[in-house]
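Architecture and fold: a report
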Amino acid sequence: MARRDFPSRTEPPPPGISEDESSGIFAFPHGQQVALMIADERARGDLADLLKHGPYLIGGAELLKTAGVLVADVLAAGDGAPYDEVVAARVRDLRRDARADAAIILLLDRRWPPDAATVAEAAGAFASIRLPLVPEGVEAVVKSASANYAAQTRIADLTRQLDLQSHLTSLGRFTGGLHHELKNPLAVVEMNVNLVRDELKTLLEAREVLRSVVFAPMPERAKREHAARDFLARTEANTGDLSAAVEDARAGLARMRVVFQRLQHFVRQEQHPLEPVDLQSLVSDVVAEAAPMLEGIHVEVVAEEALHALAVRSLVHDILINLTANAVTAARPLSSPRVRFHAYAAGERVVVSVRDNGPGIPPDKQAKIFEPFYTTRRSDGAAGLGLAICREYATHMGAELSFWTAPGRGACFRLHLRRA
């Protein structure tokens, strides 16, 4: 490792290094780490001498996993191996052990042909330098590599920040939708539980009154019966329908249970192996299963024979059932409702689509239809999780879910699957 002489704390810091950057003992410059992976001691020493006055922390193999810049030599091709393979192997080995974003500079000697620099960059190196070392050229290349690494690091940091912000925004929408979805059934359950609690108190008092009448001595029974009548008169008007209250609470709990059951699709990390799926057969099964909801609707099925997708049959089935339900809901109000199923090949993909002739999706709602808890049919009891779950299923299979729509011409949802 090249020796660095850091001034003591009693000496003024070097130019560009403030007192605030001192450790208390040494003024330690915040320089870029440069790892010199060079076998030749003389070449390594010469390179360290050229860089020691720059803003770099120079080391050897101990910095391999942390350095942003690597300068490594390439042994001359031996055993008749083509030099481009030797260069590619050297870069590959460095990439395996170093930071993924490190800038690699290859040190080439006179034995390497003129196009070795181009070969090095094609293999993934940032640049190359040749022996004998030219100070200005070496400093320029290392400075450029250091700046490139800093820029890549900054981009990665910004990307992580954007990802985090996007995650937090999605989480906010998700929790907001969950709150909106559960707010009403929770209020119903709470109101009815309070009603049952109050009525239960009255019933317990009534039991004590009844007990006092039944077990009273005969001389006092008439008096206590009179008191019991007064109690009934006072409480009967305030007694609600407990059966209705319990039923309302049960319905609210059932609603919440359905929501949480559907949410499990977002949190389960179950892995399903992909396998060839006969789309013609699958579409036929879906149409047969959905026959009750498709009653009264003109159904058209177009499916190519011998069309197989690499997918999970149960997930594709659930996606198509959900898309069918949405298509039926959109088309049924029309005088001649129609739903069309189409399975066809599209290059390296196979596509299954479900189309309706309903009113289409309004432009202001198209960007939100895949968001959890977003629905235009909340009054019908929809939770707004169907399309969100379909998209999650598609992503799990490496597939895509897209849609086409036009006002008054319906909507068509397409599931793009890998071809088996």
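Up top is the structure these notes are about.
Residues numbered from 1 in each chain as written. Predicted model: local features only at pLDDT ≥ 70, side-chain atom pairs only at ≥ 80, totals over all residues. Heavy atoms only, no water.

**Some thoughts on the side chain of D356**
With respect to the helices, strands and loops of the structure, D356 is situated in strand β10 (residues 349–356). Buried charged residue D356 carries no salt bridge. Nearest counter-charge: R355, at 7.1 Å. Within polar-contact distance, the side chain of D356 engages the backbone nitrogen of G358 at 2.8 Å. When sequence neighbours within four positions are dropped, the list of residues in contact with D356 reads A327, A330, A331, R338, R409, G410 and A411. (Helix = DSSP H or I, 4+ residues; strand = E, 2+ residues; numbered from the N terminus. Buried < 20%, exposed > 50% of the residue type's maximum accessible area, 1.4 Å probe, protein only. Lys, Arg positive; Asp, Glu negative; His and termini not counted. Salt bridge = Lys/Arg side-chain N within 4 Å of Asp/Glu carboxyl O. Polar contact = N/O pair within 3.5 Å; in protein donor to acceptor, adjacent residues only side chain to side chain. Contact = heavy atoms within 4.5 Å.)

**Some words on the sheet that holds strand β1 (residues 32–37)**
The five strands are arranged β2-β1-β3-β4-β5 in an open sheet whose pairing can be described as parallel. Every other strand in the sheet has two partners, leaving β2 (56–59) and β5 (127–130) as the edge strands with one partner each. Ignoring which end each strand starts from, the neighbouring axes of this sheet average 20 degrees apart. Note that strand β4 (residues 103–108) and β5 share four bridges and pair parallel. (Pairing = 2+ DSSP bridges. Axes fitted to C-alpha atoms, helices over the stretch in contact; angles between N-to-C directions.)

**Details of helix α2 (residues 83–97)**
For α2, built from 15 residues, the straight-helix expectation of 21 Å at 1.5 Å per residue is met to within 8% by its first-to-last C-alpha distance of 22 Å. What α2 keeps buried is the set V86, V87, V91 and L94. The buried residues of α2 all sit within an arc of 130 degrees when viewed along its axis, so they share a single face. The exposed residues of α2 that point more than 90 degrees off its buried face are R92 and R96. Of the surrounding elements, those touching the buried residues of α2 are β3 (69–73), β4 and α3 (116–122). (Expected span 1.5 Å × (residues − 1). Arc of directions from axis to C-beta.)

**Structural notes on the nonpolar core**
Counting 43 residues, the largest nonpolar core has L279 and L417 as the members making the most contacts within it. Among the elements of the structure, α7 (279–289), β8 (308–311), α9 (313–331), β9 (338–346), β10, α10 (386–396) and β12 (410–419) are those that each provide at least two residues to this core. In terms of residue count, α9 provides more of this core than any other element does, eight residues in total. With sequence-adjacent residues up to four places away left out, L417 is seen in contact with L279, A309, A311, V316, E348, R349, V350, V352, M397 and A399. (Core = buried A, V, L, I, M, F, W, Y, C linked by side-chain atoms within 4.5 Å.)

**A few points about the pairing of β12**
Pairing between β8 and β12: two bridges, direction antiparallel. Of the residues in β12, the one forming a bridge with L310 is R418. Two strands pair when backbone bridges link them, and β10 and β12 are joined in this way by eight bridges, in the antiparallel orientation. Directly across from R349, in β12, lies its bridge partner R418. Looking at chain direction, strand β11 (residues 400–406) and β12 are connected through seven bridges and run antiparallel. Within β12, the residue paired with S402 across the bridge is R414. Count of turn residues in the β11/β12 antiparallel hairpin: three residues, of which G408 carries a positive phi of about 80 degrees.

**Regarding unusual backbone geometry**
Of note, the amide linkage connecting L131 to P132 takes the cis form, showing an omega dihedral of -5 degrees. Looking at the element boundaries, P132 is found in the loop between β5 and α4 (135–214).

**With respect to a negative patch on the surface**
A grouping of D40, E41, D46 and D49 is seen on the molecular surface, where their side chains present a negatively charged patch. Positionally, D49 belongs in helix α1 (residues 41–51). (Patch = residues over 30% accessible without salt bridge, like charges linked within 9 Å, V, L, I, M, F, W, Y side chains within 5 Å. Areas by Shrake-Rupley, 256 points an atom, 1.4 Å probe, with all protein chains shown as cover. Charge placed at Lys NZ, Arg CZ, Asp CG, Glu CD.)

**Some words on α10**
Every buried residue belonging to α10 is among G386, L387, A388, I389, C390, Y393 and A394, and all of these are buried. Two residues or fewer after α10 comes G398, characterised by a positive phi angle close to 70 degrees.

**Some details on the packing of α9 against α10**
Two quantities define a packed helix pair, namely the angle between the helix axes and the distance between the axes. The N-to-C vectors of α9 and α10 enclose an angle of 150 degrees; their axes lie 10 Å apart at closest approach. On the basis of their axis angle, the class for α9 and α10 is roughly antiparallel. Two packed elements cross with a definite hand, and for α9 against α10 that hand is left-handed. Mapping the contact onto sequence places L315, D318, I319, N322, L323 and N326 in α9 and G386, L387, C390, Y393, A394 and H396 in α10. Taken together, the residues of the contact of α9 with α10 sort by class into seven nonpolar, four polar and one charged. (Parallel < 35°, antiparallel > 145°, perpendicular 65-115°, else oblique. Left-handed = near helix turned anticlockwise from the far one by under 90°. Nonpolar A, V, L, I, M, F, W, Y, C, P; charged D, E, K, R; others polar.)

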